[in-house]
Amino acid sequence: MSEVRDLAARFRAGHKAALARAISWAENGDPSYPEFLRSVYASVGRAWRTGITGPPGAGKSTLVNELAKNLRARDRTVGILAVDPSSPISGGALLGDRIRMEERTSDAGVYIRSMASRGGHGGLSRASSDACDVIDAFGIDEVLLETVGVGQAEYDVVSATDTVVVVLCPGAGDGIQAMKAGILEVADVLVVNKVDLPGSDRLLMDLEESAHIRHAGTGRWIPPVVGCSAGKSQGIDEVLAAMDSHRDHLRATGLAAVRAAKRVAQVQRVLHERLAVQLWGAGGQGERVRALLEAGRTPYDVVDELAEHFTSALRSRA
Amino acid sequence: MTEQKIRVLVAKPGLDGHDRGAKTVASILRDRGMEVIYTGLHQTPEMIAEAATQEDVDVVGLSILSGAHMELFPRVRAELVKRGMGHVLLVGGGIIPNDDMKKLEADGFAKLFGPGTRTDDIGVYIETEMKKRRAHSA
Ligand SMILES: Nc1nc2c(ncn2[C@@H]2O[C@H](COP(=O)(O)OP(=O)(O)OP(=O)(O)O)[C@@H](O)[C@H]2O)c(=O)[nH]1
Ligand SMILES: [Mg+2]
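Everything numeric in this text was worked out from a predicted model, so none of it was measured.

(A) Structural view of the coordination of the magnesium ion (ligand 2). All names here are of chain A. Around the magnesium ion (ligand 2), the protein contributes the donor atoms Ser-61 (OG), Asp-97 (OD) and Glu-146 (OE), which lie 2.1 to 2.2 Å from the metal centre. Considered as a linear motif, the donors of the magnesium ion (ligand 2) on their single chain read S-x35-D-x48-E. Taken together, the residues Ser-61 in helix α4 (residues 60-73) and Glu-146 in strand β5 (residues 142-146) connect sequence positions 85 residues apart. The pair Ser-61 / Glu-146 is uniform in exposure class, with both members buried.

(B) Region of interest: the packing of helix α3 (residues 69-82) of chain B against helix α4 (residues 98-105) of chain B. Residue and element names in this part refer to chain B. Where α3 meets α4, the axes come as close as 11 Å, and the angle between the chain directions of the two elements is 15 degrees. By the angle between their axes, α3 is roughly parallel relative to α4. With respect to the hand of their crossing, α3 and α4 are arranged in right-handed fashion. Here α3 contributes His-69, Met-70, Phe-73 and Pro-74 to the contact with α4, which in turn contributes Asp-100, Lys-103 and Leu-104. Classifying every residue of the contact of α3 with α4 by side-chain character gives four nonpolar, one polar and two charged.

(C) The domain arrangement of chain A, seen in detail. Taken domain by domain, chain A holds domain 1 (1-43), domain 2 (44-253) and domain 3 (268-317). Spacing between the C-alpha centres of domain 2 of chain A and domain 3 of chain A amounts to 39 Å.

Cut-off values and rules
- Residues numbered from 1 in each chain as written.
- Chains lettered and ligands numbered in written order.
- Predicted model: local features only at pLDDT ≥ 70, side-chain atom pairs only at ≥ 80, totals over all residues.
- Heavy atoms only, no water.
- Donors = N, O, S within 2.8 Å, 3.2 Å for Na, K, Ca; no water.
- Helix = DSSP H or I, 4+ residues; strand = E, 2+ residues; numbered from the N terminus.
- Buried < 20%, exposed > 50% of the residue type's maximum accessible area, 1.4 Å probe, protein only.
- Axes fitted to C-alpha atoms, helices over the stretch in contact; angles between N-to-C directions.
- Parallel < 35°, antiparallel > 145°, perpendicular 65-115°, else oblique.
- Left-handed = near helix turned anticlockwise from the far one by under 90°.
- Contact = heavy atoms within 4.5 Å.
- Nonpolar A, V, L, I, M, F, W, Y, C, P; charged D, E, K, R; others polar.
- Domains from an automatic or database assignment.

Structural data, given as structure tokens:
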């Protein structure tokens, strides 16, 4: 109880160590986290959240570092969350995104946090959107959320952020592959990084054409396609301008409604996780399920029986 | 639903340009289930302590081969303390003479690992210490 108040006080006083600890609480499912979030929740909602996703090695971290540099030049404070995969075997993780952001470490206006995916889906960890909330509440202007390098378009980043930037690069497949992977569905901004390498013109053209054909006449946002070379610090302002144009678009067309829908999705996800754990954990379902299966019931029959059991338990409680 | 991992920052202070050892240790700790943040070469004590703070790590592991440990290690420790991170389990390794190890261990370092340390020993040491600490604070 007083531990929460103590942390909240240091958090409000602007101590990065308190920010870091709050994120750890979220990550660890610490019982103090919900109360902490409640105590700072009134401050959530001011930051702009940008997701940076794309295949492994496309240059996401390098781009995030460059974006942060340019945002700082505009006097915006920046919080970076960089997610890398946890090993499904050991549960451990080697978090290396930070190496590319080394120049930002000593800037007081930047906070960088590495996160392991810890079995979360969609290139994020379960606590990624909580971490965005906490950074937002801390008073930071811009949140940049780098996902795990993913080949397929992942939708979780859409619900955790306001603007999704998909980073591709030449050599990692052509425009058709990008389309198959569903990338055009999630991208608010399409970035072709490494334009210093051959093949980038072709990829840029493919993407631009697809984006226009796909969205023409729908009245929907058409993701701008921008080339850059993050490794050479070139084209970064153009990427930022494209991000800004999406931000203006959202603000003009009803940001509040979009954000509210994403919150609803978050509640659904958290409820889903909690119920799954609670229901499964209640009264040793494992044993019961095994017995039913051994009696020759199909998995679907077993689920029917469990669901019936849970709903009647809920009804009798109500 | 608490799931608490051991978070470790592996850092190389100073100017030596070799990080194969540090990377190997990092990946061995990962294989033991820890979350390891590797920050690369040529880190100043300020950068290391700042990264440790922002990452809220439990352990900081320093690796050095240049011989500048008596200068750099205590400075890392001082920067950590300055940021309220004096509680982290601070360990170091590299080419460090016995006498220096003793001095550092008397000066806020939990443990130093000299040449010829089995990498497993580092992992076991960290796990044992963290278990003790967490049992204590629970
Ligand atoms: N040629 C060229 N290489 C680049 C450019 N940007 C980044 N790279 C290189 O691409 C490699 C991967 O860069 P990262 O920024 O780590 O890529 P990432 O997408 O964050 O990778 P993961 O997080 O592992 O998925 C590094 O070797 C970078 O130096 C660029 O503009 N041009
Ligand atoms: Mg990366």
